[in-house]
Amino acid sequence: KPQELSNMTWAFAKAESSHPGMFGKVADHITALDHLGAFNSQALSNMTWAFAKAESSHPRMFGKVADHITALDHLGAFNSQALSNMTWAF
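Being a predicted model, the structure only gives us computed values, none of them experimental.

**Some words on the overall build of the protein**
Piece 1. Within the protein, the regular secondary structure consists of five helices and zero strands.
Piece 2. Ordered by position from the N terminus, the helices and strands of the protein form the series α-α-α-α-α.
Piece 3. Seen through its C-alpha atoms, the protein measures out along the principal axes to roughly 35 × 25 × 20 Å.
Piece 4. Looking at the protein residue by residue over its 90 residues, the buried ones come to 41%.
Piece 5. Contacts in the protein between residues at least 24 apart in sequence constitute 71% of all its contacts with a sequence separation of at least 6.
Piece 6. Of the roughly 5,300 Å² that the protein leaves accessible, carbon and sulfur atoms contribute 54%.

Following this line, the structure appears as structure tokens:
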């Protein structure tokens, strides 16, 4: 579930407890999804922030997130904090 994945990665990053295997598994899962439509703006923002904060690089996942965001008609679902966090993460 998107929210659970987002919460888990955020918690690890916030606790400064990087676990490369876990972050890699989450990123591989997200990359394998057909689309990211189930992820709301907050989940995407928290998750990308968490990967960046944990210094866990996964270019394919970040590419998929970027493709998803650029395909949106507008960014109205993203508040200023979410946009700021995502910009920092990239």
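**Some details on helix H2 (residues 20–32)**
Piece 1. In this model H2 runs 18 Å from its N-terminal to its C-terminal C-alpha over 13 residues, within 8% of the 18 Å that 1.5 Å per residue would give.
Piece 2. Of the positions making up H2, those classed as buried are Met-22, Phe-23, Val-26, Ala-27, Ile-30 and Thr-31. Taken down its axis, H2 places every buried residue within 165° of arc, on the same side. Away from the buried face of H2 by more than 90 degrees, exposed residues Lys-25 and Ala-32 are located.
Piece 3. At its buried positions, H2 is contacted by helix H1 (2–14), helix H3 (41–53) and helix H4 (59–71).

**Section: the packing of aromatic side chains**
Two aromatic rings, taken as a pair, are described by how far apart their centres are and by the angle between their planes.
Piece 1. For the structure on display, the rule yields three aromatic pairs.
Piece 2. Here Phe-23 and Phe-51 contribute two aromatic rings whose centre-to-centre distance is 5.0 Å and whose plane-to-plane angle is 85°, an arrangement assigned as edge-to-face. Taken as a pair, Phe-23 in helix H2 and Phe-51 in helix H3 lie far apart in primary sequence, 28 residues in all. For the pair Phe-23 and Phe-51, a shared accessibility class is recorded, and that class is buried.
Piece 3. Pairing Phe-62 with Phe-90 gives two aromatic rings, centres 5.0 Å apart and planes at 85°, and the pair type is edge-to-face. Of the two residues, Phe-62 sits in helix H4 while Phe-90 sits in the segment after helix H5 (80–89), which places them 28 residues apart along the sequence.

**Structural notes on unusual backbone geometry**
Piece 1. Phi angles above zero are rare outside glycine, and Glu-16 is one such case at about 55°.
Piece 2. For Glu-16, a relative accessible area of 67% puts it in the exposed group.
Piece 3. The backbone of Glu-55 shows a phi angle near 55°, a positive value even though the residue is not glycine.
Piece 4. In this structure, Glu-55 sits in the loop between H3 and H4.

The rules behind these values
- Residues numbered from 1 in each chain as written.
- Predicted model: local features only at pLDDT ≥ 70, side-chain atom pairs only at ≥ 80, totals over all residues.
- Heavy atoms only, no water.
- Helix = DSSP H or I, 4+ residues; strand = E, 2+ residues; numbered from the N terminus.
- Buried < 20%, exposed > 50% of the residue type's maximum accessible area, 1.4 Å probe, protein only.
- Contact = heavy atoms within 4.5 Å.
- Areas by Shrake-Rupley, 256 points an atom, 1.4 Å probe, with all protein chains shown as cover.
- Expected span 1.5 Å × (residues − 1).
- Arc of directions from axis to C-beta.
- Phe/Tyr/Trp six-rings, centres within 6.5 Å; stacked < 30°, edge-to-face > 60°.

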